[in-house]
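Each chain, written out:
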Amino acid sequence: MRTRPFLLMVAASLAVILFHPGPNALPADAQTSDALTGQVTSAEEGPMEGVLVGAKKAGSTLTVTVVSDQQGRYRFPRAKLEPGQYSLRIRAVGYELNGRAAADITPQNTATADLKLRKTQNLAFQLTNAEWIASVPGTDQQKTSLLNCLGCHTLERVVRSSYDATGFMQILQRMATYANQSTPLHPQRRLAERALEQRGEERQQAQRQQAEFLSAINLSSSSTWEFPLKTLPRPQGRATRVVVTEYDLPRPTIEPHDVIVDSDGMAWYGNFGEQTIGRLDPKTARVTEYPVPELKRGWPTGMLSLRPDREGSLWLGLMYQGAVAKFDRKTEKFQIWSLPPELNKDNTQINMTSPLHYAVDGKLWTQNNGIAAVHRLDLASGKFETFEPFKGSTKTHNIYDVIADSQNNVYFTEFANEHIGRIDAKTGTITLYPTPTPRSAPRRGMMDAQDRLWFAEYRGNRIAMFDTRAERFQEWVAPTAWSAPYDVAVDKNGEAWTGSMVSDRILRLDPKTGQWTEYLLPRSTNIRRVFVDNSTTPVTFWVGSNHGASIIKLEPLD
């Protein structure tokens with residue numbers, strides 16, 4: 001299997017050029033503030049705005065990236081690059097470096113490295129999943145089906161394949177047996193199917209339709225694609241005013257699905273595919289891993305949600321291990337609550353917890369993806385209650401997230417369709433609210449201080465807010481087609497942040513004006529849970545590269 005290197009962070013195999021400050025060094029004030037600067041140009045465009053320039057010190061696990069401005073100039077703040085030798089890389093769809101580039105950073109002076117780009121000979125290798133979806137022919141319904149492929153691998157694997165429809169039928173049937181945390185590096189099998197998903201002829205028909213579509217857009221009948229490759233525009237204006245730091249994790253199989261930052265500034269991540277959680281010290285880049293008990297040997301490993309309670313302890317949904325866990329950061333010990341045997345089945349999948357308001361009544365909300373149910377755990381007795389909003393339904397249902405309000409009533413997202421659900425903490429009454437956009441696939445979200453539920457609409461290409469008191473929705477359409485947002489976080493300024501699983505972009509919304517800013521990340525990222533650190537000014541955005549074994553810190557400059 002081919003391991004994909006940094007997407008577009010390419011460097012041709014030519015002689016290394018070291019750039020040192022010379023007679024044309026910048027003025028003293030610029031030397032004080034910048035460690036490295038330069039201009040990005042190409043023969044086709046001249047000075048190029050929106051080119052991502054990454055710098056990685058020899059032997060380091062950190063890559064720092066900035067973006068060129070309207071004049072093609074890029075600048076690395078001195079605080080971001082310690083002295084040493086750095087290799088330089090770029091991301092600009094359609095282009096690559098015209099030779100290898102490096103810089104020697106010294107404590108006193110500003111280094112200069114002007115970068116010349118040339119047209120790439122392999123545009124297909126550079127495309128994001130969103131660009132592949134935009135490029136392939138097909139209806140919106142057909143293209144939407146491609147969003148189901150992105151949880152485990154890129155679309156490039158699909159379109160480069162040569163399977164015909166018959167071959168794809170076998171592939172689709174096999175892939176349906178994998179757990180959702182599988183990757184090409186670490187595939188894992190499910191032991192049973194979910195209770196409320198497609199069955200029989202309905203599934204066969206859906207698979208046949210998708211197999212025919214996939215065989216029409218790959219290389220099964222031609223050595224080249226019979227459609228033009230479309231690209232998204234590079235960042236402009238405000239989207240270029242950002243610094244991105246990427247921290248490599250110790251193993252390529254680590255999947256940092258959820259990343260949060262604690263009150264001490266430590267970044268914590270849950271491992272989606274392995275039985276560990278980790279702590280990253282952003283100041284030293286040191287990673288400490290903590291093994292999570294494996295409760296059901298032979299079942300898929302890994303965890304999904306990682307959320308803090310009011311005391312700063314971390315709560316985990318242990319997925320196929322059939323339990324929730326609490327990790328005390330002070331004692332560094334776990335406390336585990338497993339589902340009882342009558343609920344802990346082969347298809348049990350406890351993905352989410354909602355620990356922020358359990359102090360209201362001593363009860364913790366979680367969910368069970370295996371049976372499309374919501375569980376409530378009495379922390380004192382260890383007993384679980386079960387709520388099944390769709391029991392007896394013959395349709396596909398998928399309860400994805402559970403998010404409690406200030407009174408510990410729980411709201412859940414119904415990913416298979418378009419519902420936000422509510423369970424009254426006192427009466428157990430279940431109410432369903434359809435989103436304005438049909439089949440929007442509500443996914444992850446958060447409850448703000450006003451008990452407004454913010455959530456991502458994955459298939460709807462929107463983020464939304466549900467005012468739980470007024471029972472009213474508001475939606476905002478993502479500026480780029482096929483963004484497929486996964487989660488939403490609202491910062492201290494009232495701005496909403498989300499990330500695209502498809503386009504490698506971080507989206508920032510001012511809900512008052514409807515203005516979006518899209519920040520492009522340095523490489524293919526597969527964004528999931530998003531987190532905003534409100535202790536900094538401006539705020540700092542964090543996310544895990546779920547398929548890239550790294551943690552990303554994005555610092556907007558305004």
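All values derive from a computational prediction rather than experimental measurement.

What follows is about the sheet that holds strand 13 (residues 256–261). The strand order 13-14-15-16 describes an open sheet built from four strands, whose pairing is antiparallel. Taken across any chain shown, the strands that pair with only one partner, and hence form the sheet edges, are strand 13 and strand 16 (286–291). When the angles between neighbouring strand axes are averaged without regard to direction, this sheet yields 20 degrees. Here six bridges tie strand 15 (residues 276–281) to strand 16, and the two strands are oriented antiparallel to one another. Within strand 16, the position partnered with Arg 279 by the bridge is Thr 288.

With that out of the way, let us pick up empty space enclosed by the protein. Under the counting rule described, the total for this entry stands at two cavities of 30 Å³ or more. The calculated volume of the largest cavity comes to roughly 80 Å³. Surrounding the largest cavity, twelve residues form its lining, Arg 91, Val 93, Glu 131, Arg 505 and Leu 520 being those nearest its centre. Residue composition of the lining of the largest cavity, grouped by class: six nonpolar, two polar and four charged.

Moving on: the side chain of Glu 131. Its place among the elements puts Glu 131 in helix 3 (residues 129–135). Of the buried charged residues, Glu 131 lacks a salt bridge, with Arg 505 as the closest side chain of opposite charge at 5.3 Å. Among the polar contacts made by the side chain of Glu 131, one reaches the main-chain amide nitrogen of Thr 128 at a distance of 2.7 Å. Here Glu 131 is in contact with Val 93, Gln 126, Lys 230, Thr 231 and Leu 232, once residues within four sequence places are set aside.

This part is about the pairing of strand 35 (residues 505–510). Counting buried residues along strand 35, five of its six residues qualify, which places the element largely inside the surrounding structure. Where strand 34 (residues 496–500) meets strand 35, four bridges bridge the pair, whose relative direction is antiparallel. Within strand 35, the residue paired with Ala 496 across the bridge is Leu 509. Between the antiparallel neighbours strand 34 and strand 35 lie four residues, among them Asp 504 with a positive phi of about 60 degrees. Hairpin connection, strand 35 to strand 36 (residues 515–520): the antiparallel pair is bridged by four residues, and Gly 514 has positive phi, about 80 degrees.

For Phe 455, the position within the fold is in strand 30 (residues 452–457). The spatial distance from the C-alpha of Phe 455 to the C-alpha of Pro 308 is 18 Å, given a sequence separation of 147 residues. Sequence-distant contacts of Phe 455, defined by excluding residues within four places in its chain, comprise Ile 420, Thr 435, Pro 442, Arg 444, Gly 445, Ile 463, Ala 464, Met 465, Phe 466, Phe 473 and Val 488.

In this section: helix 6 (residues 165–175). Of all the residues in helix 6, the buried ones are Gly 167, Phe 168, Met 169, Ile 171 and Leu 172. A side-chain oxygen of the first residue of helix 6 lies 3.2 Å from the backbone nitrogen of Thr 166; this N-cap is Asp 164.

Right, let's get into the confidence of the model for the chain. On average, the chain scores 93 in pLDDT, and the residues at 70 or more come to 94%. Segment residues 1–31: pLDDT under 50, and 72 contacts once partners within four positions in sequence are set aside and those in other chains are kept.

Below, the discussion takes up the pattern of salt bridges. On inspection of all chains with the given rule, the structure shows 36 salt bridges. Lys 57 is paired through a salt bridge with Glu 82; the nearest N and O atoms lie 2.8 Å apart. A residue pair is termed long-range when its members are at least 10 positions apart, and Lys 57 in strand 4 (residues 52–57) and Glu 82 in the loop between strand 6 (73–77) and strand 7 (84–91) qualify at 25 residues. In the salt-bridge network here, residues are joined through shared partners; they are Asp 258, Arg 307, Asp 401, Arg 444, Asp 487 and Arg 529.

Glancing now at the sheet that holds strand 25 (residues 399–404). Reading across from one edge, 25-26-27-28 is the order of the four strands in this open sheet, with antiparallel pairing throughout. A single partner strand is all that each edge strand has here, and the edge strands are strand 25 and strand 28 (430–434). The average undirected angle you get between the axes of adjacent strands in this sheet is 25 degrees. The sheet contact formed by strand 27 (residues 419–423) and strand 28 spans five bridges and is antiparallel. Among the inter-strand pairings, Ile 423 is bridged to a residue of strand 28, identified as Ile 430.

Rules used throughout
Residues numbered from 1 in each chain as written. Predicted model: local features only at pLDDT ≥ 70, side-chain atom pairs only at ≥ 80, totals over all residues. Heavy atoms only, no water. Pairing = 2+ DSSP bridges. Helix = DSSP H or I, 4+ residues; strand = E, 2+ residues; numbered from the N terminus. Axes fitted to C-alpha atoms, helices over the stretch in contact; angles between N-to-C directions. 1 Å grid on protein atoms, 1.4 Å probe; cavity = no way out; pocket = protein on both sides within 12 Å on 5 of 7 lines; lining within 4 Å. Points joined across faces, edges and corners; volume = space filled by probe spheres on them. Nonpolar A, V, L, I, M, F, W, Y, C, P; charged D, E, K, R; others polar. Buried < 20%, exposed > 50% of the residue type's maximum accessible area, 1.4 Å probe, protein only. Lys, Arg positive; Asp, Glu negative; His and termini not counted. Salt bridge = Lys/Arg side-chain N within 4 Å of Asp/Glu carboxyl O. Polar contact = N/O pair within 3.5 Å; in protein donor to acceptor, adjacent residues only side chain to side chain. Contact = heavy atoms within 4.5 Å. pLDDT = per-residue confidence, 0-100.

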